[in-house]
Amino acid sequence: MAVERMPITPEVLTWARERAGYKLEELAAKPRFRKIADWESGGPGPTYLQLEEIAKTLRLPMAVFFFPKPPDLPPIEETFRTIGSEQFDEIPPNVRLLLQKARAFQLGLSELNDGRNPADTLIVRDLQLNLDDTIESAANRIRSELGVSLDAQFEWRGDIDIALKSWRSALFRVGVYVFKDAFSAEDYCGFSLYDDEFPVIYVNNSNPKSRQIFTLIHELAHLLFRTSGVDKRGEFEKKPQGEMARVERRCNAVAGAVLVPDAALADELPVGPQPRVDAQRLAAKFSVSREVIYCKFVDRKIITQAEYDAAAEAWTAQLGSKKRNGGNYYRAKIAYLGEEYISLVLRRFYQGRFEEEELADYLDTKLGNIDRLEEYFFGERR
């Protein structure tokens, strides 16, 4: 019996692979993609199962591969105006696929909301940062827009789970959607995709939650500079050039000032002879990481940069020694998508806006998982 081959458009397959940041030889090394060079050159196409795997790997609907030519979509890197082409080219394929996934969520949000963000206040319209702003002024304006008071922050009492959920909800209230995923790239903490209607922040769920909180506010600052951003340890933080360097430093400083206002920190000083002990105490007070507090100590010349580096290395080693157990798929999916987004999707589904197949697409899961996901979602909210 002859194997049925899918009549895909070779040019579209090449476009999809390059869009995802894969080299031809990278995909050809995968068992199911051994003949990808033949498919791209117009030879017999892939089987249905192979095409299904291609679509999954390149994060595209299968229908796209039957288009007569590649879709006319602007390159996603055009929204990252402060990142040079060399730095963008260094982003690994798995993170690039998440960038495309984030864009798909933006398009989905537009469809779900008829093209208009339902938030009463849209922070990316109401507030814009520029490099001439003082850090304190920018941070105060952001906290005011988010509506998170110091009293509310102190009531979290160092519970990082509550803190992360609270900051995420505050962003949702001002029109910024937050999604999470395991990046499979430890250096990448998160990124943001700017849009004047549906801005999106993506956070690496593999990072400690205290770091995820910092990433949220860092990426919010990028959005308020009217640009997409990437939060990456290493070269993006320590060796950026030109405007990129200034924006990255400013986003870090603004995030630190939003999470730990200088005036509030001053009320908790002086620091004793054991700065690491004080960092632990203050991190719990403000529900942030010890690194955020230590950055403040460096700025105030309470500790040296060498002490910061040594402490950060020790704290990272402590985290690395903790074993990670496999989690529950449905709880993880709820954490990745966020309660507000899932509520929106289910509400539109119950209104009869689309069928179950589209519901599975919006929830980024298989059709067979829908019932269990709903059970967990409503069970967690009781």
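Residues numbered from 1 in each chain as written. Predicted model: local features only at pLDDT ≥ 70, side-chain atom pairs only at ≥ 80, totals over all residues. Heavy atoms only, no water.

(A) Fine view of the overall build of the protein chain. Counting its regular elements, the protein chain contains 21 helices and four strands. Scaling as 2.2 N^0.38, a compact globule of 382 residues should have a C-alpha radius of gyration of about 21 Å, and the protein chain matches this with 22 Å. Taken over the C-alpha atoms alone, the protein chain extends approximately 80 × 45 × 40 Å along its principal axes. A burial count over the protein chain gives 49% of its 382 residues as buried. If you take every contact in the protein chain between residues at least 6 apart in sequence, the share linking residues at least 24 apart comes to 68%. Charge-centre separation for the protein chain: the mean point of 53 positive side chains lies 4 Å from the mean point of 60 negative side chains. (Helix = DSSP H or I, 4+ residues; strand = E, 2+ residues; numbered from the N terminus. Rg over C-alpha atoms; globule rule 2.2 N^0.38 Å. Buried < 20%, exposed > 50% of the residue type's maximum accessible area, 1.4 Å probe, protein only. Contact = heavy atoms within 4.5 Å. Lys, Arg positive; Asp, Glu negative; His and termini not counted. Charge placed at Lys NZ, Arg CZ, Asp CG, Glu CD.)

(B) Looking closely at the packing of aromatic side chains. Under the counting rule described, the total for this entry stands at 20 aromatic pairs. Judged by centre distance (5.5 Å) and plane angle (85°), the ring pair of Phe-172 and Tyr-177 falls under edge-to-face. Seen from their ring centres, Tyr-329 and Tyr-330 are 5.1 Å apart, and the 85° between their planes marks the pair as edge-to-face. Through pairs of rings, three or more aromatic residues link up here, namely Phe-105, Phe-179, Phe-183, Phe-191, Tyr-202 and Tyr-341. Between the NZ or CZ atom of Lys-285 and the centre of the ring of Phe-154, over which it lies, the distance is 4.4 Å. (Phe/Tyr/Trp six-rings, centres within 6.5 Å; stacked < 30°, edge-to-face > 60°. Lys NZ or Arg CZ within 6 Å of the ring centre and 35° of its normal.)

(C) Fine view of the packing of helix H18 (residues 329–337) against helix H19 (residues 339–350). Between H18 and H19, whose axes approach to 6 Å, the crossing angle comes to 95°. In terms of axis orientation, H18 runs roughly perpendicular to H19. On H19, the residues touching Lys-333, Ile-334 and Leu-337 of H18 are Glu-339, Tyr-341 and Ile-342. Its residues placed into classes, the contact of H18 with H19 shows four nonpolar, no polar and two charged. (Axes fitted to C-alpha atoms, helices over the stretch in contact; angles between N-to-C directions. Parallel < 35°, antiparallel > 145°, perpendicular 65-115°, else oblique. Nonpolar A, V, L, I, M, F, W, Y, C, P; charged D, E, K, R; others polar.)

(D) Focus on the side chain of Ser-228. Locating Ser-228 in the fold gives a position in the loop between helix H11 (209–224) and strand S4 (229–232). Side-chain polar atoms of Ser-228 contact the backbone nitrogen of Tyr-194, separated by 2.9 Å. Beyond its immediate sequence surroundings of up to four residues, Ser-228 is in contact with Thr-79, Phe-80, Ser-192, Leu-193, Tyr-194 and His-222. (Polar contact = N/O pair within 3.5 Å; in protein donor to acceptor, adjacent residues only side chain to side chain.)

(E) Seen up close, the nonpolar core. Leu-146 and Trp-167 are the most contacted members of the largest nonpolar core, which totals 55 residues. Counting residues per element, this core draws most heavily on H11, at eight residues. Here Trp-167 is in contact with Arg-143, Leu-146, Val-148, Gln-153, Trp-156, Ile-213, Leu-216, Ile-217, Val-258 and Leu-259, once residues within four sequence places are set aside. (Core = buried A, V, L, I, M, F, W, Y, C linked by side-chain atoms within 4.5 Å.)

(F) Looking closely at the sheet that holds strand S2 (residues 188–193). The strand order across the open sheet formed by four strands is S1-S3-S2-S4, and the pairing between neighbours is mixed. Bordering the open sheet on either side are strand S1 (177–181) and S4, each of which pairs with just one other strand. This sheet shows a mean twist of 15° between the axes of neighbouring strands, independent of strand direction. Of the strand pairs in this sheet, S2 and S4 are connected by four bridges, and their pairing is antiparallel. Considered in S4, the bridge of Gly-190 is made with Asp-231. (Pairing = 2+ DSSP bridges.)

(G) Just the side chain of Gln-50, in detail. Note that Gln-50 resides in helix H4 (residues 48–57). Here Gln-50 is in contact with Arg-5, Arg-32, Phe-33 and Trp-39, once residues within four sequence places are set aside.

(H) Looking closely at the packing of helix H6 (residues 93–112) against H19. The N-to-C vectors of H6 and H19 enclose an angle of 45°; their axes lie 11 Å apart at closest approach. Judged by the angle between their axes, H6 and H19 are oblique. You can see that H6 and H19 cross each other, and the crossing is left-handed. Seen from H6, the contacting residues are Phe-105, Leu-109 and Leu-112; seen from H19, they are Tyr-341, Leu-344, Val-345 and Arg-348. (Left-handed = near helix turned anticlockwise from the far one by under 90°.)

(I) Up close: the state of the cysteines. Counted by the stated rule, this structure contains zero disulfides. Unpaired in terms of disulfides, Cys-295 finds its nearest cysteine sulfur in Cys-189, a separation of 12 Å. Cys-295 sits in the partly exposed class, given a relative accessible area of 37%. (Disulfide = S-S within 2.5 Å.)

(J) Layout of unusual backbone geometry. Backbone geometry at Arg-157 places phi at a positive 50°, although glycine is not the residue there. Note that Arg-157 resides in the loop between helix H9 (150–155) and helix H10 (160–173). For Arg-157, a relative accessible area of 73% puts it in the exposed group. Even without a glycine there, the phi angle at Ser-184 is positive, about 55°. Its location among the elements puts Ser-184 in the loop between S1 and S2.

(K) Quick look at the environment of Gly-21. Mapping Gly-21 onto the fold places it in the loop between helix H1 (10–19) and helix H2 (24–28). In this structure the C-alpha to C-alpha distance between Gly-21 and Glu-219, which are 198 residues apart in sequence, comes to 23 Å. In contact with Gly-21, other than residues within four places in its own chain, are Glu-26, Pro-93 and Arg-96.

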